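Chain by chain, the residues run as shown.
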Amino acid sequence: MASNKIQFRSIHELKDPTLTQKLAQKEFQDELPVDDFSGNDKEGSANTTRRDFLKLLGFSTAAVTLAACEAPVVKTIPYVVKPHNIIPGVPNYFASSYFDGFDFASVLVKTREGRPIKIEPNPAAGDLGKTNARAQAAVLSLYDNDKVKQPKLDGKDETFDKVDDYVLKALAESTQSNKKIVVLSHSKPSPTFKKLFEDFKAKYPTAELVIYDAYPYAAHLDAAQEVFGQRALPVYDLANTQLVVSFGADFLGDFNGHSLEASYAAARKPGEKMLRHIQVESNMSLTGANADTRIRLKPTAILKTLTEVYKGLSGGTSDKTAAAIVKELQTKGSNAVVFADGSKAAVVLSHLINQKLGSAAFTGKASYLKEFDGAKYNEFLSWLKSGQVGTLIVNDVNPVYSSKDGAAFKAALAKAGNVISFCQKKDEIYDASKAVIPVANWLESWGDLMPQSGTYALMQPAIQKVFKPRQLEESLLVWIHGKNSPANNYYNYLKANATTILNGLSFNKALYNGIADIAATDGLSYTGGNADLAIAEISKIQPSDLELTLYTSTAIGDGTQANNPWLQELPDPISRLSWDNYLSISPADAKKLGLENSLNGRMQLNGDKVNITVNGVTIKDVPVFIQPGQADGSLGLAVGYGKYHSGKVAETGVNAYPLFDGSNLILSNVKIEKTSGQHEFAGMQLQNTLMGRYEIAKEVPLETFLNVPFDDEHEGWNKPLEYHTINGALPARKIDLWDAFDDTDGPHFNLSVDLNSCTGCGACVIACQAENNVPVVGKDEVRMSRDMYWLRIDRYYSAKEKLEPAEAVAKGMNVPDMYGNAFNKESGVLNHPAENPDVIFQPVMCQHCNHAPCETVCPVAATSHGKQGQNMMAYNRCIGTRYCANNCPYKVRRFNWFNYALNDKFDFQMNNDLGRMVLNPDVVTRTRGVMEKCSMCIQRTQDTILTAKKEGRTVKDGEFTTACSQACSTGAMQFGDMNDKSSEVRKLYSSNRRYLLLEEIGTKPNVFYHTKVRNRKEENV
């Protein structure tokens, strides 16, 4: 069906229609230096003989071949006594729990020869086993070469024995003088730790446990205290929900302690009861990008609309947008749910709206992952400032960096008698500490967690301690019982306590599974909530010309893993920028304030810089990014960046925490001042042209999907491709320039990608990077279009094409089509496409074409086709001509410009022995001068086939997995054998939403996509 929508990847494409052509021309910029080798000395002559050309070709081919053959000599040391549970070449898996104070997931840790190399979701844990990008990348943080490696006393290396002597003396003195002993830690929802601390308090009666989180979810916890009577967050399940309305809540990202991606995707299956998603927000968030209807408003206007929705459900409202939302909520009733974020009052109203609706998405379960109590923390600050704290034990938090009053906290530390820190890096807390104990990584630790009511999770070490760290629990045991006591074994302590919690269940079985269901001690129910007070608090917030919303980015979160290069290089799903945070601003505001983003001659993005001031606090030289869909009068800035003294990678960006009071994400009366100079962004969206074709990410309204046949002659929304020949129109599958070959013997792999389920979260990108040893290249190389990702997630904006009024009238358009509607006043064709576009995320990897253009042009047959449908690379044959990349229409091939391992220019993880411990030995580490790309995880598929062969059976559907499909929490990627007639991927291939990327060029890919369906009747796409 013909579409009146246009797709674009950036504002620059709207400004310059020839940009795609320029990008294609810039793709291979360096000309061959023929004149330098041709032997033709005549000035200005470009004539080259056949002999000269062959001379040149021989030189360049030999040079690249020699470069490609360089490989480091690796010495191996055999086992003297082989551990009984390790077989060289065979991975081991351990169930554990990933928790760093911010993120949680029940996971399987893949180890090789005793070293963790990959994090996998734990299928036994259901939604709690889903992993985001940060969980996938957490394995690299174990091998962080910048971390503190052994205990310190007075800044010098010391033994645990001497450190314990000092701490025991400090604790005894604090107790005798009746001074406070404070353990300051991030949230630790561990029942065994809580019991251990009670034992510690029994030994030292003045001890207090104080929780501090950089991003504390204070508004949500305070609201829960008021509405449910507990400081615990409600657990939601969207699987059977038909309408979700979100007011600034990024519930597919970092909201309410846990993402709702899995149940959201389950409810988004196209059909009569498909979930409809309305998002009211200022920043273009990950959640807003997935919405059917996105209403962009300033932060204060969002809060006002929320109050009007509450009033509308309670009686009536004159606000047209709120009235339209109320009507839909009333229609869906208990099948609807409302979320809100930004302030306590907003969250309280959302809970009370859900109570009115009787929302079935509210499960009654409580999440215990966040424990911050602002009142208790403020009380601790008063103790600290008044000199009442004799001993302060800081467990892996840094309020100097992440709190609004960091400088005041640093000054107050000097008033504590003794400061002992468990830290990762030589940060401000490290500098202020008398004794320092390196904190053990979660992969080196024993522990347990109560993530939510009715669920108990265990953590076990997957590796011996890499250096000399010690977890807080081990230290508390030593300080309770004294040194060298047999009671100081935390594993024994944990097992004894876990047995009482498991209530008859086997501890070993729970440890094997990583998670166990237990009797829920309590849940949540509506017991309070003052709507009038919440509305009054919101009404006190006065709108201003510019308002700022703080948020956590998909990659960095609260900044706990800011020194992780995998995460810093991961492009933001919306802006497609990496290695940065920035002030997002709408196109209209940028124009009004004279702020610009520009492209230089190499198509690299630059941006102006500003100083931003809020409530007397100024952050200097913040780069500005003009974001389509940003609400006019609003700004956005991510926290977690600019983390100095925490490793060189963590220093990226600016620190926004000084603007954050710990509760309110919305800030008014923002002032910005343009400064001199330009900021250089590292962006990825404009690097891959896909031959300049558009509508490669297909979409269709639900109403059309349900009522119009996909192959209808006139209105079909996914008509099968036909070629017009002298014999008439023929289906594409009937016409072929290639000879077909038999692919029915053995497995033939296909990968299905559902655009309706893909949220753009990036977990698949990191999983692919970890599985396949994809190097980090750094900001400068990304800026040079030299990222090495085997899998990228293209982000496309789509909007109605802008028409002049006369053109719209001539086309017979009605008023809503021209000027928008109650839900979206910017949806009309008279508005600029960048004001509020729709967003589509499309993962693109090697398409493994059955008729691959790359194979026909490789002069040395380094790329060839396998019988199982995979396009293969023989790296030791590749001479780096890049012909394959030039001939690939999908632009998925990567050229190794440098040797990224053992190269000080790329000081990330591959240039040191510790960082290289994360490398997967099943996948070769590529060297300079060769091409590389997605292999469909051939090492995984072959291992699955060989395992089944040894066991004398056929491979079952679901056993074949790629790294990306296994990491996908929404099930958007499904991988399997097309020759297995019962396989899920074969069923998906028969879907009427299925289409091939650039099918018209006849490559016959083994990757296929499913059209995105938008549940939005008012749109006519």
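Coordinates for the structure precede this section.
Just so it is clear, the structure is predicted and the values come from calculations on it, not from any experiment. Think of each chain on its own: its residues are numbered from 1, step by step along the sequence as written. The model is predicted, so local features are restricted to residues of pLDDT at least 70 and side-chain atom pairs to those at 80 or more, both for listing and for counting; the totals for chains, interfaces and linings are taken over all residues. Just so you know, side-chain values use all the structure's heavy atoms and leave hydrogens and water out.

1. A word on helix 12 (residues 320-332)
Line of reasoning, step 1. A run of H or I in DSSP counts as a helix once it spans at least four residues, and a run of E counts as a strand once it spans at least two, with each numbered from the N terminus. In this scheme, a helix's expected span is set at 1.5 Å multiplied by one less than its residue total. The first and last C-alpha atoms of helix 12 sit 19 Å apart over 13 residues, in line with the 18 Å expected at 1.5 Å per residue.
Line of reasoning, step 2. Here helix 12 has its buried residues at Thr-321, Ala-322, Ala-324, Ile-325, Val-326, Glu-328 and Leu-329.
Line of reasoning, step 3. Tucked inside the fold, the buried residues of helix 12 contact strand 10 (243-247), strand 11 (276-281), strand 12 (293-296), helix 11 (299-314), strand 13 (336-340) and helix 13 (344-357).
Line of reasoning, step 4. Here helix 12 starts with a cap whose side-chain oxygen sits 3.1 Å from the backbone nitrogen of Thr-321, and that cap is Asp-319.
Line of reasoning, step 5. Note on helix 12: the residue one or two positions beyond its end, Gly-333, has a positive phi of about 60°. Burial status follows relative accessibility: with a 1.4 Å probe on protein chains alone, a residue under 20% of its type maximum counts as buried, one over 50% as exposed, and anything between as partly exposed. Residues count as neighbours in contact if any of their non-hydrogen atoms are within 4.5 Å of one another. Polar contacts, as used here, are pairs of N or O atoms within 3.5 Å; protein pairs need one atom able to donate a hydrogen and one able to accept it. Residues neighboring in sequence count only if both atoms are side-chain atoms.

2. A short note on the sheet that holds strand 7 (residues 180-185)
Line of reasoning, step 1. Two strands qualify as a pair provided DSSP detects at least 2 bridges between them. Read from one edge of the open sheet, seven strands run 6-5-17-16-15-7-8, paired in mixed fashion. Because the sheet does not close on itself, it has two edges, and the strands there are strand 6 (156-157) and strand 8 (207-211).
Line of reasoning, step 2. Pairing analysis gives five bridges linking strand 15 (residues 389-395) to strand 16 (residues 418-423), with the strands arranged parallel. Considered in strand 16, the bridge of Leu-392 is made with Val-419.
Line of reasoning, step 3. Only C-alpha atoms enter the line fits that serve as axes; for helices the fit covers just the stretch in contact. Angles between N-to-C directions range over 0 to 180 degrees. Seen against the sheet, helix 14 (residues 374-385) touches strand 7, strand 8 and strand 15 and runs at an angle of roughly 125° to strand 8.

3. Looking at the sheet that holds strand 12
Line of reasoning, step 1. With respect to topology, four strands assemble into an open sheet ordered 12-11-10-13, the strand pairing being parallel. One side of each edge strand has no neighbouring strand; the edge strands of this open sheet are strand 12 and strand 13. Each adjacent strand pair in this sheet contributes to an overall mean axis angle of 10°, direction not counted.
Line of reasoning, step 2. Taken together, the four bridges between strand 11 and strand 12 define a ladder with parallel strand orientation. By the bridge assignment, Glu-281 is partnered in strand 12 with Arg-296.

4. Focus: the nonpolar core
Line of reasoning, step 1. The biggest cluster of nonpolar side chains holds 204 residues, and the ones touching the most others in it are Phe-200, Phe-247, Leu-329, Phe-339 and Trp-479.
Line of reasoning, step 2. Ranked by residue count, the leading element in this core is helix 13, at eight residues.
Line of reasoning, step 3. Leave out the neighbours within four places in its chain, and Leu-329 touches Leu-243, Val-245, Val-309, Leu-313, Ala-336, Val-338 and Leu-357. To qualify as a nonpolar core, a set must consist of buried Ala, Val, Leu, Ile, Met, Phe, Trp, Tyr and Cys residues joined through side-chain atoms within 4.5 Å.

5. Concerning the pattern of salt bridges
Line of reasoning, step 1. When a carboxyl oxygen of Asp or Glu is within 4 Å of a side-chain nitrogen of Lys or Arg, the pair counts as a salt bridge. Under the criterion given, the structure shown has 46 salt bridges.
Line of reasoning, step 2. Between Lys-152 and Asp-157 there is a salt bridge whose closest N-O contact spans 2.5 Å.
Line of reasoning, step 3. When its relative accessible area of 12% is taken as the criterion, Lys-152 is described as buried.
Line of reasoning, step 4. Between Asp-580 and Lys-779 there is a salt bridge whose closest N-O contact spans 3.1 Å. You can see Asp-580 sitting in the loop between strand 22 (577-578) and strand 23 (583-585) and its partner Lys-779 sitting in helix 26 (residues 779-783), a full 199 residues away along the chain.
Line of reasoning, step 5. Note on Asp-580: relative accessible area 7%, which makes it buried.

6. Describing the packing of helix 5 (residues 133-142) against helix 25 (residues 763-771)
Line of reasoning, step 1. It is at 7 Å that the axes of helix 5 and helix 25 come closest, and there the two elements cross at 20°. As the angle between them shows, helix 5 and helix 25 are arranged roughly parallel. Note that helix 5 runs across helix 25; the crossing there is left-handed. Facing Ala-133, Gln-136 and Ala-137 of helix 5, the residues of helix 25 in contact are Ala-763, Ile-766 and Ala-767.
Line of reasoning, step 2. Residues were grouped as follows: Ala, Val, Leu, Ile, Met, Phe, Trp, Tyr, Cys and Pro as nonpolar; Asp, Glu, Lys and Arg as charged; and all remaining residues, including Gly, as polar. Looking at the contact of helix 5 with helix 25 residue by residue, the classes come out as five nonpolar, one polar and no charged. By the definition adopted for this analysis, an angle is roughly parallel if under 35 degrees, roughly antiparallel if over 145, roughly perpendicular if from 65 to 115, and oblique otherwise. In this scheme the handedness of a crossing depends on how the near helix is turned from the far one: anticlockwise by less than a right angle means left-handed, clockwise means right-handed.

7. Description of the side chain of Thr-941
Line of reasoning, step 1. As for its placement among the helices and strands, Thr-941 is situated in helix 31 (residues 938-950).
Line of reasoning, step 2. Among the polar contacts made by the side chain of Thr-941, one reaches the main-chain carbonyl oxygen of Ile-938 at a distance of 3.0 Å.
Line of reasoning, step 3. Look past the residues within four positions of Thr-941 in its chain and what remains in contact with it is Phe-749, Gln-870, Met-936, Phe-960 and Phe-975.

8. Considering the side chain of Lys-609
Line of reasoning, step 1. Relative to the helices and strands, Lys-609 is located in strand 25 (residues 605-614).
Line of reasoning, step 2. Asp-621 provides the closest opposite charge to the buried, salt-bridge-free Lys-609, at an N-O distance of 4.8 Å. In this count, Lys and Arg are taken as positive residues and Asp and Glu as negative ones, while His and the chain termini are left out.

9. Concerning the packing of aromatic side chains
Line of reasoning, step 1. Aromatic contacts are taken between Phe, Tyr and Trp rings whose centres are within 6.5 Å, Trp giving its six-membered ring; a plane angle under 30 degrees counts as stacked, one over 60 as edge-to-face, and the others as tilted. Tallied over the full model, the rule gives 38 aromatic pairs.
Line of reasoning, step 2. Note on Trp-579 and Phe-908: the rings are 5.6 Å apart at their centroids and 45° apart in plane angle, and the pair reads as tilted. Taken together, the residues Trp-579 in the loop between strand 22 and strand 23 and Phe-908 in the loop between strand 39 (894-895) and strand 40 (931-932) connect sequence positions 329 residues apart.
Line of reasoning, step 3. Ring centres of Phe-749 and Phe-975 lie 5.2 Å apart, and the angle between their planes is 20°; on these two criteria the pair is classed as stacked. Here the residue Phe-749 occupies a position in strand 34 (residues 749-754), and Phe-975 occupies one in strand 41 (residues 973-977), the gap between them amounting to 226 residues.
Line of reasoning, step 4. Assessed through its relative accessible area of 0%, Phe-749 is described here as buried.
Line of reasoning, step 5. Given a relative accessible area of 7%, Phe-975 falls into the buried group.
Line of reasoning, step 6. Lying over the aromatic face of Phe-193, Lys-188 brings its terminal NZ or CZ to 5.2 Å of the ring centre.
Line of reasoning, step 7. Positioned above the aromatic ring of Trp-897, the side-chain terminus of Arg-786 is 4.0 Å from the ring centre. Definition used: whenever NZ (Lys) or CZ (Arg) falls within 6 Å of the ring centre and also within 35 degrees of the ring normal, the charge is taken to sit over that ring.

10. Notes on the pairing of strand 35 (residues 792-800)
The side chains of a regular strand alternate between both faces of the sheet.
Line of reasoning, step 1. Within strand 35, nine of the nine residues are buried, which leaves it mostly tucked inside the rest of the structure.
Line of reasoning, step 2. Two elements, strand 35 and strand 36 (residues 838-844), share seven bridges in a ladder whose sense is antiparallel. Along strand 36, the bridge assignment pairs Asp-794 with Gln-842.

11. Some thoughts on the environment of Val-765
Line of reasoning, step 1. Structurally, the position occupied by Val-765 is in helix 25.
Line of reasoning, step 2. By relative accessible area, Val-765 is classed as buried at 6%.
Line of reasoning, step 3. Between the C-alpha atoms of Val-765 and Leu-791, which are 26 residues apart in sequence, the distance is 5.8 Å.

12. Quick look at helix 16 (residues 406-413)
Line of reasoning, step 1. For helix 16, every residue scored as buried is listed here: Gly-406, Phe-409, Ala-412 and Leu-413. One face of helix 16 carries all of its buried residues, which in axial projection span an arc of 120°.
Line of reasoning, step 2. Tucked into the core, helix 16 has its buried residues touching strand 7, helix 14, strand 15, helix 15 (399-402), strand 16 and helix 17 (428-432). Note that the arc is computed from the directions linking the helix axis to the C-beta atoms.

13. Topic: the environment of Asn-513
Line of reasoning, step 1. Summarising the element assignment, Asn-513 is placed in helix 20 (residues 507-513).
Line of reasoning, step 2. Asn-513 sits 406 residues away from Val-107 along the chain, and the two C-alpha atoms are 9.6 Å apart.

14. Some points on unusual backbone geometry
Leave glycine aside and you will find that most residues have negative phi; peptide bonds, for their part, are mostly trans.
Line of reasoning, step 1. If you check the backbone angles, Asp-396 has positive phi at about 60° while not being a glycine.
Line of reasoning, step 2. In this structure, Asp-396 sits in the loop between strand 15 and helix 15.
Line of reasoning, step 3. Positioned with a positive phi, Asn-669 is a non-glycine residue whose angle comes to about 55°.
Line of reasoning, step 4. For Asn-669, the location among the structural elements is in the loop between strand 28 (666-667) and strand 29 (671-680).

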